[in-house]
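Listed here are the chains, written in short residue letters.
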Amino acid sequence: MRTLKNILVTGGAGFIGSNFIRYLFERVGFPGAIVNVDKLTYAGNPESLDDIRQSYGGQYHFEHADIGDFERMRDILARYDIDTVVNFAAESHVDRSIFGPKDFVQSNIVGTFTLLEAVRAHWGKRRDTLFHHVSTDEVYGSLGETGAFYETTPYDPRSPYSASKAASDHLVMAYHHTYELAVTISNCSNNYGPYQFPEKLIPLMIMNLREGKPLPVYGDGRQVRDWLHVDDHNSAVWLIMNRGANGETYNIGGENERENIWIVHTLCEAMARITGNSVDSYKRLITHVADRPGHDRRYAINCDKIKGALGWTRAVAFDAGLESTIRWYLANDAWVNRVRSGEYRNWIERNYGKR
Ligand code: NAD
Ligand code: TYD
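It should be emphasised that the depicted structure is a prediction, and the values quoted were computed from it without experimental measurement.

J.: I keep staring at the site of ligand 1 and nothing clicks. Help me out?
T.: Near ligand 1 lie 28 residues; those nearest to it are Ile-16, Asp-38, Ser-92, Tyr-161 and Lys-165. In this structure, an oxygen atom belonging to ligand 1 sits 2.5 Å away from a side-chain N or O atom of Asp-38. In this structure, Asn-191 approaches ligand 1 through a main-chain N or O atom, which is 2.9 Å from an oxygen atom. Protein burial of ligand 1: of its 830 Å² of free accessible surface, 97% is covered by the chains. Elements with a contribution of two residues or more to the shell around ligand 1: helix 1 (15–28), strand 5 (130–136), helix 6 (160–179) and strand 7 (190–192).

Here it is, written out as C-alpha cells:
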C-alpha cells in the first residue's frame, strides 16, 4: 500500500478526470491536496467541479495550464509538493483525431513526454512518488468475433487517437525502465456516465433523443464496445495507484460487450420509460450514416489481472448506470449547453480572472 500525499490530476476538468476528483473527495475522503491541471480545451469545463471547489477549497486547487508547458509543470509540482501524478489529460475523441490529428500528437504524445520530463527533473531519484498514466483499450487494435485484449496483447493502434495514446504509454514505460520512474498504467474500455462531452456515443444519443434530432449510427451499427461506468473506472484507477505493482499495466473493463445499435435501441426504450413518449417516436430517429474511416470492429477487455491481483470489483450494473446517466443529462441541460457553446469560459473569467 502506497502513501499518496498530494496528487496532481491532469485533465481534471474533463469527463473522467472530474469524476475522479469528485470520487477522491466524496467517496475516498482523501486528506491531501488535489491539484487539477487542465488546458481547458473544448472538452474541459471546470464548472463541473464548482461544488467541490466550494466545499473543499482548502484542499482543491485548479491550475489552468498545458501539460506540454515544462516550466509550469515543474513549478506546480514544486509549489504543491506533489508526490503523485495521475495523467488523464488528452485529446480523446476518435472522430476529431481523424479530421485533425495534430492536437492529438501535441497533447497526448508531446504533452505526456513534457510532463514526464517535468517529474523527472523535479523528483530526481525519489522513491516515494508515482506517475499513473490513464490509457485506453484502443491501443490494442480491433478484434474479430471472438477473443479479448490482455495486458500482453501487442499494441496495434489504428486511429490517430489510439496511436497517440499508444505512443504515450510507451514513453511512460520507457521512463520507468530508463530512469527508474515509479509508474503504473491502466488501459480501460469505453466509459459512460455524467459530465461526458456530448460528442461521444451515449451522451450524444441522449441529447439528440431529447432534442428530437437524428441518431447517427455509423455503418451497420454492429461494432462492439465494452461499456463501463466512469465510477467503476475510477475505483480501479484509485486501487492501482494505491496497490498496483511498480511498472505494471492493468486492463480495466466492464465485461459488458454491446453492439452500438443495441445501445441506441436501449437508450430509446429507456427514454420512452422516463418521458412517457412512445418508443417508436424515438426509434424512428435512428439514421444509419457513412461509417467512420478505419472503424475498429470490436473491443473486448480481459480484466482478470486487476480482479485477481488487486481484488477490484465493479459496483454499477449497466441498466442502472445507463438510466442514471440519462436522468443526469435530462436534469443538467444547462451544463450541456454551456460546455457545447463554450460559454463556460465566462464562468472561468468570473471565478479565475481573464486568461
Ligand atoms: P475528455 O476529452 O472528456 O477530457 C480531457 C481533458 O483533458 C479535458 O478537460 C481537456 O481540457 C484536458 N486536456 C487536453 N489536452 C490537454 C493538455 N495538453 N494539457 C492539459 N489538459 C489537457 O476525455 P476523457 O473521456 O475524460 O478521457 C480522459 C482520459 O482517459 C484520456 O487520457 C483518455 O484517453 C482516457 N480514456 C478515456 C476513455 C473514455 O471512454 N472516455 C476510455 C479509456 C481511456
Ligand atoms: P465513441 O463514443 O466515439 O467512442 P470510441 O470511438 O472511442 O469507441 O464511439 C463509440 C462507438 O459508437 C464507436 O463504434 C463509434 C460509434 N458511434 C456512432 O455510431 N455514432 C456516433 O454518432 C458516435 C459518436 C459514435
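Additional details are given in the paragraphs that follow.
J.: Explain the site of ligand 2 here, please?
T.: Looking at ligand 2, there are 16 residues lining it, with Glu-138, Pro-216, Arg-225, Arg-292 and His-295 nearest. In this structure, Asn-190 approaches ligand 2 through a side-chain N or O atom, which is 2.9 Å from an oxygen atom. Here an oxygen atom of ligand 2 and a side-chain polar atom of Asn-260 are 2.9 Å apart. Contact with the protein chains covers 97% of the free accessible surface of ligand 2, which is 510 Å². Ranked by residue count, the leading element in the shell around ligand 2 is strand 8 (residues 215–218), at three residues.

J.: Looking at this model, I keep getting lost on the sheet that holds strand 2 (residues 34–38). Mind explaining?
T.: Strands in a sheet are paired, the pairing made by backbone hydrogen bonds, and the direction either parallel or antiparallel. Taken together, the seven strands give an open sheet; going across it, the order is 3-2-1-4-5-6-10, and neighbouring strands pair in parallel fashion. Whereas interior strands pair on both sides, the edge strands pair on one side only; in this sheet they are strand 3 (60–64) and strand 10 (248–252). Averaged over all adjacent pairs, the angle separating strand axes in this sheet is 20°, with direction ignored. Across six bridges, the pairing between strand 5 and strand 6 (residues 183–188) is parallel. By the bridge assignment, Phe-131 is partnered in strand 6 with Val-183.

Conventions and cut-offs
Residues numbered from 1 in each chain as written. Chains lettered and ligands numbered in written order. Predicted model: local features only at pLDDT ≥ 70, side-chain atom pairs only at ≥ 80, totals over all residues. Heavy atoms only, no water. Near = heavy atom within 4 Å. Polar contact = N/O pair within 3.5 Å; in protein donor to acceptor, adjacent residues only side chain to side chain. Areas by Shrake-Rupley, 256 points an atom, 1.4 Å probe, with all protein chains shown as cover. Helix = DSSP H or I, 4+ residues; strand = E, 2+ residues; numbered from the N terminus. Pairing = 2+ DSSP bridges. Axes fitted to C-alpha atoms, helices over the stretch in contact; angles between N-to-C directions.

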